Amino acid sequence: VYFVLDNSGSMSEGGLPVYFTDFSVPFVEQGVIRRLEAENAAGITFRWSFAVYDRDLRLGMPITADPAALQAGLDAMKAESKGSGTNTGAGINFVVEQVSAQADASKLSVVVVLTDGNVDPDVQEYMTERARAAMDLGAEMFVIGVNGRGGVDEAELATITSEPVNEHLFIVESFEKLSEVVVDVLAERVQLTCDVCEEGWLRPTARWAMAASSAEASAGAVIDGQPGSVWEAATATGASWLLLDMGEARNVSAVSVSVDAGTVRVAHVQALSSSFAAAAAAALAHPRTVASFEVPRDAPLHVIKFAPTVARFWRLLITATYDARPAALAELLFFGILNPLCNPLVPAPDPEPRPLCVVEVPARAGWAAQASSAADGAPAAFAIDRYLGTWWAAASTSAQLVDVTMTQAEEVSFVVAYLRATRIVTGVVQAFDGAAERWRNLRTFAVPTAEPIHYLRFDTVRAAQWRFLFRDLEPQAENPLLIFELFFFVNRNSPDLCPVPPQPPVSAS
């Protein structure tokens, strides 16, 4: 991500441009640097650069993923005074030099220009030429025009903006709105928000350990990310359970169970104050049941949301199965705050826990799926057949899209997607807005090779046509992208839609 910042007098309100003190520096110090530290620990490459200009380039911070280097660049930015003249091309040229020097040309480059567009007449052509050079290198150009003292020249700004212009050019009337717009732009394109405490799938680590009431040797199958591996209880008699030790306390707000052959009927999610063995031996605090739920017989994947709860040990207690069969589970997924540093204090126990109501929007007869390409024997229809043993496979390494057309408009709040890519690719969830006759971006996400499960949450949208776009696939790869299944869910407020089964007795162990 490259920020190109106008330092001219027309962008100032007495002294430095307001965004230096009220936006850019606090935004980066409080959000970006903290995010970089977390992503560096996770092995994710996410880099930043700043260019400050007036008549010429005043400050150019090379692209970096080093939090210390970024902080040094911000300290230098703070020392800048406002300048005179506006040569936006000088700032964009610094970006061109940075992008050209990158060894990996496949990196997604996003440029955000903040200016009022009052470029000096003698450098207008140079600005347009430099912006075109950046776009020719694959950079995506966003421009945010600020209504400073000189007003906004929107036509001028459109000449340095990526197509379609209406999705890349934004005009704000005041500096107060600037932060909100920039965050919206980056949240949609590169999944960045000022709040680094975002939710997602809690990927298992080497510290995670599983135990079970029986067949413990295969208990790890439920967290291996492979739907084809299954844990099955040794007997159908009595309750059975799975216990997870996360190795550290994590903030969890949802669990999904991938049920094998429809065996699990009633289950309970519990947060433990200590390990199960210690609780049983030392009679420590009983497990806290955070959600009790019933799994529909025909649901291959069931999601249970509940109030955010912080705990290290989690247990899934199964108290009823269909047809008196042993409980069997393919996957047990936990969703919550990705950064453990964001864990809040543990909330007070709820005397009557109730899961937040989530209803699956199941694929129905008449639903259709189409893709821009499909490998032999792997059609797009396999992405919505409610079976994890089949998949759609891309037959091309160009940008791919998968369209899902429902028989009628349905409300959707999030999608759980089982995907596999041969490299990190960029995905976008879209819904077709019939009133505006255009596709609306709902969520941008990355598809790392090690993460087969994605929790794609957005504001509830009602639509009949849904699109999943994928870019940056690996060149020359065979089947570079697979979609095993797309599950659609909607949040509901009515408890009648989500009946809560009786809770287990406190002593159940």
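This is a predicted model, so every value here is computed, not measured. (Residues numbered from 1 in each chain as written. Predicted model: local features only at pLDDT ≥ 70, side-chain atom pairs only at ≥ 80, totals over all residues. Heavy atoms only, no water.)

## Thoughts on the overall build of the protein chain
For the protein chain, the helix and strand inventory stands at seven helices and 22 strands. Counting all 509 residues of the protein chain, 54% fall into the buried class. Carbon and sulfur atoms make up 51% of the accessible area of the protein chain, which amounts to about 21,500 Å² in all. (Helix = DSSP H or I, 4+ residues; strand = E, 2+ residues; numbered from the N terminus. Buried < 20%, exposed > 50% of the residue type's maximum accessible area, 1.4 Å probe, protein only. Areas by Shrake-Rupley, 256 points an atom, 1.4 Å probe, with all protein chains shown as cover.)

## Quick word on the pattern of salt bridges
For the structure on display, the rule yields nine salt bridges. Between Glu 129 and Arg 130 there is a salt bridge; the shortest N-O distance is 2.8 Å. In this structure Glu 129 comes out as partly exposed when scored by relative accessible area, which is 39%. When its relative accessible area of 15% is taken as the criterion, Arg 130 is described as buried. Ionic pairing is found between Glu 360 and Arg 386, a salt bridge with its closest N-O pair at 2.5 Å. Here Glu 360 is found in strand 15 (residues 358-360), whereas its partner Arg 386 is found in the loop between strand 16 (368-371) and strand 17 (392-393), with 26 residues between them in sequence. Of the two residues, Glu 360 and Arg 386, neither departs from the other in class, the shared state being buried. (Salt bridge = Lys/Arg side-chain N within 4 Å of Asp/Glu carboxyl O.)

## Brief notes about the packing of helix 3 (residues 88-101) against helix 4 (residues 124-136)
Between two packed helices, both the angle of their axes relative to each other and the distance between the axes serve to describe the pair. Relative orientation of the contacting elements helix 3 and helix 4 amounts to 20°, with a least axis distance of 8 Å. It follows from the interaxial angle that helix 3 and helix 4 lie roughly parallel. Where helix 3 crosses over helix 4, the handedness of that crossing is left-handed. In this structure, helix 3 uses Thr 88, Gly 89, Ala 90, Ile 92, Asn 93 and Val 96 to contact helix 4, whose residues at the interface are Tyr 126, Met 127, Arg 130, Ala 131, Ala 133 and Ala 134. (Axes fitted to C-alpha atoms, helices over the stretch in contact; angles between N-to-C directions. Parallel < 35°, antiparallel > 145°, perpendicular 65-115°, else oblique. Left-handed = near helix turned anticlockwise from the far one by under 90°. Contact = heavy atoms within 4.5 Å.)

## Details of the confidence of the model for the protein chain
Looking at the protein chain, the pLDDT average stands at 78 and 74% of residues meet or exceed 70. Of all the helices and strands in the protein chain, helix 7 (residues 276-282) carries the lowest mean pLDDT, 48, while strand 16 carries the highest, 96. Note that pLDDT drops below 50 for residues 191-196; the model gives that stretch 24 contacts with residues more than four away or on any other chain. With pLDDT under 50 throughout, residues 279-285 is counted as low confidence; its partners more than four residues away or in other chains account for seven contacts. (pLDDT = per-residue confidence, 0-100.)

## Here we look at the packing of aromatic side chains
Following the criterion strictly, the structure yields 15 aromatic pairs and no others. Seen from their ring centres, Phe 414 and Phe 489 are 5.1 Å apart, and the 10° between their planes marks the pair as stacked. One end of the pair, Phe 414, is in strand 18 (residues 400-421); the other, Phe 489, is in strand 22 (residues 481-491), and 75 residues separate them in sequence. Of the two residues, Phe 414 and Phe 489, both sit in the buried class. A network of ring pairs unites the aromatic residues Trp 367, Phe 458, Trp 466, Phe 468 and Phe 488 as a single cluster. (Phe/Tyr/Trp six-rings, centres within 6.5 Å; stacked < 30°, edge-to-face > 60°.)

## Focus on the sheet that holds strand 6 (residues 169-172)
Sheet architecture is open: six strands sit in the order 3-2-1-4-5-6, paired in mixed fashion. What marks the edges here is a single partner per strand, and that holds for strand 3 (57-64) and strand 6. Here the average twist between neighbouring strands, direction ignored, is 15°. Where strand 5 (residues 140-146) and strand 6 come together, four bridges link them in parallel fashion. Residue pairing in the sheet places Ile 144 in a bridge with Phe 170 of strand 6. Across the face of the sheet, helix 3 comes into contact with strand 1 (2-6), strand 2 (48-53), strand 3, strand 4 (110-115) and strand 5 while running at roughly 25° to strand 3. (Pairing = 2+ DSSP bridges.)

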